[in-house]
Amino acid sequence: MMVYINGEQQETQCKNLLELVQSLALEGKRFAVEVNEMIISKSRLGETPICEADKIEIIHAVGGG
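Let me sum up the structure you'll find in this document. (Residues numbered from 1 in each chain as written. Predicted model: local features only at pLDDT ≥ 70, side-chain atom pairs only at ≥ 80, totals over all residues. Heavy atoms only, no water.)

1. Some thoughts on the overall build of the chain
Each helix and strand counted, the chain has one helix and five strands in total. What you see in the chain, going N to C, is helices and strands ordered as β-β-α-β-β-β. Over its C-alpha trace the chain gives a radius of gyration of 11 Å, about what one expects of a compact globule, namely 11 Å for 65 residues. Along the three orthogonal principal directions, the C-alpha set of the chain runs to about 40 × 25 × 20 Å. For the chain, with 65 residues in total, the buried portion stands at 29%. A sequence separation of at least 24 residues applies to 55% of the contacts in the chain between residues at least 6 apart. Total accessible area computed for the chain in this model is approximately 4600 Å², and 52% of it derives from carbon and sulfur atoms. Once the 6 positive and 10 negative side-chain charges of the chain are each reduced to a mean point, those two points are 8 Å apart. (Helix = DSSP H or I, 4+ residues; strand = E, 2+ residues; numbered from the N terminus. Rg over C-alpha atoms; globule rule 2.2 N^0.38 Å. Buried < 20%, exposed > 50% of the residue type's maximum accessible area, 1.4 Å probe, protein only. Contact = heavy atoms within 4.5 Å. Areas by Shrake-Rupley, 256 points an atom, 1.4 Å probe, with all protein chains shown as cover. Lys, Arg positive; Asp, Glu negative; His and termini not counted. Charge placed at Lys NZ, Arg CZ, Asp CG, Glu CD.)

2. Things to note about the packing of aromatic side chains
Here the distance between the centres and the angle between the planes together describe a pair of aromatic rings. With the rule as written, the count across this model stands at zero aromatic pairs. Its guanidinium or amino end placed over the ring of Phe31, Lys42 lies 4.4 Å from that ring's centre, counting from NZ or CZ. (Phe/Tyr/Trp six-rings, centres within 6.5 Å; stacked < 30°, edge-to-face > 60°. Lys NZ or Arg CZ within 6 Å of the ring centre and 35° of its normal.)

3. As for the nonpolar core
In globular proteins that are soluble, nonpolar side chains generally tend to be buried together. Counting 15 residues, the largest nonpolar core has Leu17, Leu20, Val33, Leu45, Ile50, Ile56 and Ile58 as its most contacted members. Elements represented by at least two residues in this core include exactly β1 (2-5), α1 (17-23), β3 (31-35) and β5 (55-60). In contact with Ile56, other than residues within four places in its own chain, are Val3, Tyr4, Ile5, Asn6, Leu17, Leu20, Val33, Glu34, Val35 and Ile50. (Core = buried A, V, L, I, M, F, W, Y, C linked by side-chain atoms within 4.5 Å.)

Printed below as a string of structure tokens:
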């Protein structure tokens, strides 16, 4: 299915947000996920399905100083 990830249209076979995060190698890192302008807590990623044309924003923290 086609979704928008950080504004770019991409094809994914992932069925939920946890699978998407794992496919992007973000698991265990600091990040936030928003789907269609709703923030999704990390504890709900596995139970949040991905649907055609969803707009997904993933923001990950980068340390530095």
